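# What the coordinates show
Letter by letter, the chains look like this.
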Amino acid sequence: MSSQNPVFIPGPTNIPEEIRKACDMPTIDHRSPTFGRMFRPAVAGVRRVLGMTEGEVILLPSTGTGGWEAAVTNTLSPGDRVLAARFGMFSHRWIDLCRRHGLDVQVIEAPWGQGAPLAAIEAALRADTGHTIRAVLATHNETATGVRSDIAGIRRALDAAGHPALLFVDGVSSIGCMPFDMAGWGVDIAVAGSQKGFMLPAGLAILGVGPRALAAMETATLPRTFFDFRDMLKAYAAGGYPYTPAVGLIAGLARSIEMLEDEGLDAVYARHARLAEGVRRAVAAWGMKPCAASPELYSETVTAVVVPEGCNGTDLVKLAAEKYGVAFGVGLGEVAGKVFRIGHLGMLTDVMVLAGLATAEMCMADLGWPVRLGSGVAAAQEFYRGAPVAVRAAA
Ligand SMILES: *Cc1c(COP(=O)(O)O)cnc(C)c1O
């Protein structure tokens, strides 16, 4: 892998120089006021990116998976029922985590390439007349298949069924890249990680915790110590942390949010939509399709490209790494070998994406796949040429 090339994996993402510099700092005493001056803007910024109007932001030294574990253990008790749909590796792993914590997971299976099945979720909620389901778990952007789910639609299903379950959303590969409206969608816990839309190194779980989840925290009995929100919130109130915080990452997070807001969150979302559409034009020009079954499901941060019969997506990923020093994502689980994934999130521009598409084409040609060099690149070029200049300049 050449460190000069951008990565095209759906996380960790490319780290802007400004953020690398912000993370690289001398040791400071995290019990001094200096830490509070760095910490408070980062927390306030996360609130804006998540679209929170109430509740608390929690920053844990961890990753997205630790954020899931924290969400579950702080709000639920052994044997509690939760409802989740499985349609990819990340929705699956959330189910697995809940089972290992002794929760009773009601799973709705959906084909990989589909999103959260709203009608089935609403039916399951309506059938639960005793309101034993304590939480609904949703993966906003299924990174394995490049599928976006309709979180507002899940909120509508909960409301239509008159069901009081909490709504927990994995936004690890969408937050900071695609619109996220925690307050508007009535999300009780949103989970993100530092190394995707926030363009930081891995090492922080970033959570938005709403008032209903904070209330559930008072009675939940699943064991937790390191992840206990109550300890965190008590320490926050005094301007500090219950243990040693990841100070450099928090400094980087404040800088990340400045960068996102300097560009403008709407412009950031528009850039991701534009980058993604260019990739999809290339995929179509190759005669291939995204794994996502229909346009309203298309992710703006990752495209899982279904490879032609007889081809293996993992071969392309290996060759790209070994020969060209460029990283793409392999297919996971059910779609292993059947897709390769192009991550188009974080610090990327039209020009960088074109380089990734050109590399993918070289690999396809090397592997003897039926693709003409330049076909996908040209389709993306035509699209990017026509994109609004104001948006492009802001990126
Ligand atoms: C990356 C990712 C995770 C896992 O996050 P880690 O930071 O690797 O623990 C969870 N969910 C989704 C949707 C992801 O893309």
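The residue numbers shown here count from 1 along each chain, following its written sequence. Under the rules for a predicted model, residues below a pLDDT of 70 receive no local features and side-chain atom pairs below 80 are neither given nor counted, while totals for whole chains, interfaces and linings still include all residues. No hydrogens and no water enter the side-chain calculation; it runs on all heavy atoms of the structure.

With that out of the way, let us pick up the overall build of the protein. Going along the chain from the N terminus, every DSSP run of H or I of four or more residues is numbered as a helix, and every run of E of two or more is numbered as a strand. Along its length, the protein carries 14 helices and 13 strands. Dimensions of the protein, computed from the C-alpha atoms along their principal axes, are close to 60 × 55 × 35 Å. Exposure classes here rest on a 1.4 Å probe applied to the protein chains alone. A residue is buried below 20% of its type maximum, exposed above 50%, and partly exposed in between. In the protein, which comprises 395 residues, the proportion classed as buried is 59%. Across the protein, every contact between residues at least 6 apart in sequence was considered, and the portion connecting residues at least 24 apart equals 73%. Split by element, the accessible area of the protein, about 15,100 Å² in all, is 55% carbon and sulfur. Note on contacts: a residue pair qualifies if any of its non-hydrogen atoms lie within 4.5 Å across the two residues. The accessible surface values rely on the Shrake-Rupley method and a 1.4 Å probe; as for residues, cover is taken only from the protein chains in view.

Further remarks concern the packing of helix α11 (residues 313-324) against helix α12 (residues 350-366). The packing of two helices is summarised by the inter-axis angle and the distance between the axes. Between α11 and α12, whose axes approach to 9 Å, the crossing angle comes to 110°. It follows that α11 is roughly perpendicular to α12 by the angle criterion. Contacts between α11 and α12 involve L316, L319, A320, K323 and Y324 from the former and T359, A360, M362, C363, M364 and D366 from the latter. A class-by-class count of the residues in the contact of α11 with α12 yields eight nonpolar, one polar and two charged. Helix axes are fitted to C-alpha atoms over the stretch in contact, other axes to C-alpha atoms as well, and angles between N-to-C directions run from 0 to 180 degrees. Geometric relationships in this document are graded by angle, where less than 35 degrees denotes roughly parallel, more than 145 denotes roughly antiparallel, 65 to 115 denotes roughly perpendicular, and other angles denote oblique. Polar here means any residue other than Ala, Val, Leu, Ile, Met, Phe, Trp, Tyr, Cys and Pro, which are nonpolar, and Asp, Glu, Lys and Arg, which are charged; Gly is therefore polar.

We now examine the nonpolar core. L59, F198, L207 and L253 are the most contacted members of the largest nonpolar core, which has 94 residues in total. With nine residues, helix α9 (residues 247-263) is the largest single contributor of residues to this core. The start and end points of each domain follow an automatic or database-based domain assignment. Domain assignment of the residues forming this core places at least three in each of domain 1 (17-261) and domain 2 (265-386). Not counting residues within four places of it along the chain, the set of residues in contact with L253 comprises A42, V46, L59, F198, L200, L204 and I206. Among buried residues, the Ala, Val, Leu, Ile, Met, Phe, Trp, Tyr and Cys ones that are joined through side-chain atoms within 4.5 Å form a nonpolar core. Core analysis: the second largest hydrophobic core is formed by 31 residues, L348, M364, W369 and A380 among them.

Strand pairing is defined by DSSP finding a minimum of two bridges between the two strands. Examined bridge by bridge, strand β2 (residues 81-86) and strand β3 (residues 104-109) share six bridges and lie parallel to one another. Within β3, the position partnered with A85 by the bridge is I108. Seen with its strands pointing away from the viewer, a crossover is right-handed if its path from the first strand over the helix to the second goes clockwise. Once the chain exits β2 it traverses helix α4 (residues 89-100) before rejoining the sheet at β3, and the crossover so formed is right-handed.

A few words on the environment of E56. Residue position: E56 is located in strand β1 (residues 56-61). Not counting residues within four places of it along the chain, the set of residues in contact with E56 comprises R47, L207, G208, V209, L214 and L233.

The next thing to look at is the packing of aromatic side chains. The description of an aromatic ring pair uses the distance of the two centres, along with the angle that the planes make with each other. Two aromatic rings from Phe, Tyr or Trp, using only the six-membered ring of Trp, form a pair when their centres are within 6.5 Å; if the ring planes differ by under 30 degrees the pair is stacked, by over 60 it is edge-to-face, and anything between is tilted. In the structure shown here, the tally under the stated rule is 13 aromatic pairs. Note on F35 and Y241: the rings are 5.9 Å apart at their centroids and 80° apart in plane angle, and the pair reads as edge-to-face. On the criterion of sequence distance, the pair formed by F35 in helix α2 (residues 33-50) and Y241 in the loop between α8 (229-237) and α9 is long-range, its members being 206 residues apart. Of the two residues, F35 and Y241, neither departs from the other in class, the shared state being buried. Centroid distance Y236 to Y241: 5.9 Å. Interplanar angle 45°. Geometry classified as tilted. Note on Y236: relative accessible area 13%, which makes it buried. Every member of this aromatic cluster is reached through a ring pair, and the members are F35, F39, F226, F227, Y236, Y241 and Y243.

This next bit is on the domain arrangement of the protein. Domain annotation for the protein reports domain 1 (17-261) and domain 2 (265-386). Here the C-alpha centroids of domain 1 and domain 2 sit 28 Å apart. Listed per partner, the contact involves 25 residues of domain 1 and 23 residues of domain 2. Reported buried area values correspond to the accessible surface (1.4 Å probe) lost by two parts on association, with both partners' losses combined. For the pairing of domain 1 and domain 2, the buried interface totals around 2,000 Å² over both sides, and the portion due to carbon and sulfur atoms is 64%. Contact with domain 2 buries area across many residues of domain 1, yet W112, R148 and C177 alone supply 28% of it, more than any other trio. Definition used for salt bridges: Asp or Glu carboxyl oxygen within 4 Å of a side-chain nitrogen of Lys or Arg. There are one salt bridge connecting domain 1 and domain 2. With its nearest N and O atoms 3.2 Å apart, the salt bridge here joins R148 to E300. Counting of polar contacts relies on pairs of N or O atoms within 3.5 Å, with two restrictions inside protein: one atom must be capable of donating a hydrogen and the other of accepting it, and residues adjacent in sequence are counted only when both atoms are side-chain atoms. Joining domain 1 to domain 2, the criterion identifies ten residue pairs in polar contact (both at pLDDT 80 or more).

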